Every structure is written in C-alpha cells, then in structure tokens.
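Coordinates in review
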Amino acid sequence: MNGKKKATAHVTIHEMARRLGISAASVSYALNGRAGVGEATRERVLALARELDWHPSSSARALSRSRTDTIGMVLRRDPELLGQEPYYMSLLSGVESVLSDAGQSLMLRMVGTAPGRDLDVYRQWSAERRVDGVIVLDRLVEDPRPTLLRSLGMPFVMHGMRIDPVTSREVVEDLVNDARVLVDHLVELGHTDIVDVTGPLNLAHEVERQAAVAAQAAVRGIQVTFVEGDYTRAGAQRLAAERLPGWPEATAVISSNDVMALGILRSLIVAGRPDVALVSWDDSMLCDISVPSITALARHPDIQGQRSARLLLRAVTDEQQQPEPAIPSRLVVRETSVAAP
C-alpha cells in the first residue's frame, strides 16, 4: 500500500449498510442529516463515510428530491458586449460562491437582445426540468417574465429587488439613497446644472433612477437634463460628442454605468472640458485605472449576487424567507470630482 485511500466510487449505501449491519434507510437518514436514526448510529455511518472517502452521487441525490440542483440565469445582452461589463462578472462570481457552497450548479444562457428569446429558454428549461429556479436580471418596465415563470411553476428571484419593511412592497435595492448620494456630491462641489446619461429606458430600474435623480435635484434646486444611453462605451462617447455643444451651462455628468463613463470621459477630453465633473452609478477597475480616474458608486454586485442566490435557494426549498437589509453603496471619490468653475 502507498498510503493513499482506495477508490470507493463503487461503494453504495446498501454496501455501507451491510458493513454496519443496519438498514439502508438508516444509512440514508444519517448521511442526509434527517431524523429517524439515533445519534450513535449516525456517528458510525459518518465515520465509515469518512473512512471510505465516500461522497453522494449528485444526480441520485437530485432525483431522490425531484430536483436538479441547478439554478438558471438568462442574460439579455449581446455576448460580445458582456465581457466589457465588469458588473456582470462580479455579479456572477457572487452567485457562484453561494451555489458552490450549497452544492448547486449554475446554468447560464446568453440570448442577445431579440425579443422573446429569453422566454423561449424558460419554457424549454421548464419542459425539460433543467433547472430548479432562475435569477431574473434587468427588470423591464412591462416585464412578461414574472407572469410566465409563475405560470410554469418555476421559482424565481428578481435580482436587485427587496421587500420594503415599511410598505411591504418590492423596491429596487437602495436606489433612492444612491441617487441622493450622487446628486448631493455634485451639489457640494458647486454644480447647479448637470446631465444624466441614463441606460435604456425600457429597463424599470433606469426609469426609477431617473425619477430619483429628478426628485433629489428638485430638492437641491438644481437643473438636470436626461439623455438616454445604450450602456456601451462607443455609444456614450458618440452621444456626448454630439450633445456637448448643446450643454453650454452643464458642468457635471452622471453616467448610468462605468463603461459609458469611459466613453463620456473620452469626449470631454477631446472637447477640452476638464472642468466638467463626472460620476458613475457603477464602480469597477475601469474607473480606478482610467486617466483621470472616475468617481463612482461601489454597489457591491458580488454581494448582491450572493443575496439573490440565497433568496432563490430558499424559494426552491420552500424555506421561510428571511428579510435581508439593504446593501449600502459607498461613493468612491476620485479625480473626476472637480469643483464647478
């Protein structure tokens, strides 16, 4: 013998039961932490499992519970653009960390922006029993997905949503406070006329962000102009270059994500406007390594991803949902926080 454990992939619960002189049901109860077996017997079973380096078959375990141990996510973004968005990479890492600890897998599908393709994926997954539930991203203003998923009987979580403890309504995670932080920061720098480059306004959170920024601007008595962007660097750079001449009084810009912030910054540099302040709703390494570096909200997408994954796993197992507090964002002040002229 060379000291290594003998391979035991062939050892079954029935074989373990024979060795211990107990029933297969008792072995199953002990391995799965279920009632119906004494503590002494449970310890004997677990000790043998450790000795044999035995691990349960994930497929057999899933079949025994009529589950797949797989969670699904469908991204309605162009695959070639997804790699440019650090937000999604961080979000997915958070989801994966929770699923890994729970012995679950992630099925990810990127379907582009063509209408209805994501709905087809949900229908296929449901018909083939491919996933136990799904995390839904990028909530639309008129979103057909919740209705479809309910009709399919598929558990789901709307990412970025939480239950307000006061109103018991679903609200976007910390959105109003984030808008307040961004607007107040620019006001404290002396800016009274700002431009807000939003993301696509068919997304519910973008409409709600726009309303929150407008409300806080009204409270602080400043002017705000809204322009719809497309989340891309090239699109934002082109938009800013075309619109800058029409913003002679504006001295600050809010960008809806870090990728667009890079494009806006490039146009400001080309136009010779270093006096214009720039802040982003999303923070990432892009904002940190940019020259000049960009002030941004650290909204912790990895932690948000962990939260959505936990909520979905509870929904799949019919556990009582434990309310989780809002995840506070943090403003990271960098070089684009320039004072008004």
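Below is a summary of the structure that appears in this document.

1. Details of the environment of S126
You can see S126 is positioned in helix α7 (residues 117-128). The class for S126 is partly exposed, based on a relative accessible area of 24%.

2. Comments concerning empty space enclosed by the protein
Following the criterion strictly, the structure yields two cavities of 30 Å³ or more and no others. Considered as a void within the structure, the largest cavity measures approximately 420 Å³ in volume. Lining of the largest cavity is provided by 26 residues; of these, Y87, D138, H205, R209 and R299 occupy positions nearest its centre. Secondary-structure elements contributing two or more residues to the lining of the largest cavity are α6 (86-101), α9 (175-188) and α10 (204-220). A per-class count over the lining of the largest cavity returns nine nonpolar, six polar and eleven charged. Here the second largest cavity is characterised by a volume of approximately 30 Å³. Taken together, L244, W247, A250, V253, R273 and V276 form the lining of the second largest cavity.

3. Structural notes on the nonpolar core
Within the largest apolar cluster, 23 residues are counted, with the highest numbers of intra-cluster contacts made by V195, V197, W247, V253, I264, L278 and I294. Mapped by element, the contributors of at least two residues to this core are β7 (193-198), α11 (233-243) and α12 (258-270). Looking at this core, the element that brings in the most residues is α12, giving five residues. Setting aside residues no more than four positions away along its own chain, W247 makes contact with V195, V227 and L239.

4. Some points on the pairing of strand β9 (residues 252-255)
In β9, alternate side chains face the same way, and those of A252 and I254 on one face and V253 and S255 on the other are all buried. Here β7 pairs with β9 via four bridges, running parallel. Among the inter-strand pairings, V195 is bridged to a residue of β9, identified as V253. One ladder, built from four bridges, connects β9 with strand β10 (residues 277-280); its direction is parallel. By the bridge assignment, I254 is partnered in β10 with V279. Traced from β9 through α12 to β10, the parallel crossover comes out right-handed.

5. Structural notes on helix α1 (residues 13-20)
Inspection of α1 places M16, A17 and L20 among the buried residues, and these make up the whole buried set. The buried residues of α1 occupy one face: seen down the axis, they fall within an arc of 100 degrees. Turned more than 90 degrees off the buried face of α1, the exposed positions are H14 and R18. The secondary structure elements touched by the buried residues of α1 are α2 (24-31) and α3 (39-52). In the segment just after α1, G21 is the residue with positive phi, at about 70 degrees.

6. Quick word on the sheet that holds strand β2 (residues 105-110)
Strand order in the open sheet formed by four strands is β2-β1-β3-β4, and the pairing between neighbours is parallel. Among the strands making up the open sheet, the edge pair consists of β2 and β4 (156-158). Averaged over all adjacent pairs, the angle separating strand axes in this sheet is 20 degrees, with direction ignored. The sheet contact formed by strand β1 (residues 70-75) and β2 spans six bridges and is parallel. Across the sheet, the residue bridging to L75 is M110, located in β2. Sitting on the sheet, α6 touches β1, β2 and β3 (133-136), and the angle it makes with β2 is about 155 degrees. In this fold helix α8 (residues 145-152) packs onto β3 and β4, with an angle of close to 165 degrees to the strand it touches most, β4.

What counts and how
In this convention, every chain numbers its residues from 1, walking through the sequence in written order. Given that the model is predicted, a residue must reach a pLDDT of at least 70 before its local features are reported, and side-chain atom pairs must reach 80 or more before they are shown or counted; all residues, however, enter totals for whole chains, interfaces and linings. As a convention, hydrogens and water are excluded, and side-chain values are obtained from all of the structure's heavy atoms. The helix count covers DSSP runs of H or I at least four residues long, the strand count covers runs of E at least two residues long, and both are numbered beginning at the N terminus. Note on classification: 1.4 Å probe, protein chains only; a residue is buried when its accessible area is under 20% of the maximum for its type, exposed when over 50%, partly exposed between these limits. Grid spacing is 1 Å over the protein atoms alone, the probe is 1.4 Å, and a cavity is where that probe fits but cannot get out, while a pocket is an open set with protein on both sides within 12 Å along at least five of seven lines and lining residues have an atom within 4 Å of a point. Grid points are joined across faces, edges and corners, and a volume is the space filled by probe spheres set on the points. For this classification, Asp, Glu, Lys and Arg are treated as charged, while Ala, Val, Leu, Ile, Met, Phe, Trp, Tyr, Cys and Pro are nonpolar and the rest, including Gly, are polar. For our purposes a nonpolar core is just a set of buried Ala, Val, Leu, Ile, Met, Phe, Trp, Tyr and Cys residues, chained together by side-chain atoms within 4.5 Å. Every residue pair with non-hydrogen atoms within 4.5 Å of one another is taken to be in contact. Two strands qualify as a pair provided that DSSP identifies no fewer than 2 bridges between them. Here the term right-handed applies to a crossover when the path leading from its first strand over the helix to its second strand runs clockwise, the strands being oriented away from the viewer. Picture the helix axis, draw a direction to every C-beta atom, and the arc is the one those directions span. Whenever a helix is involved, its axis is fitted only over the stretch in contact; in every case the axis is a line through C-alpha atoms, and angles between N-to-C directions fall within 0 to 180 degrees.

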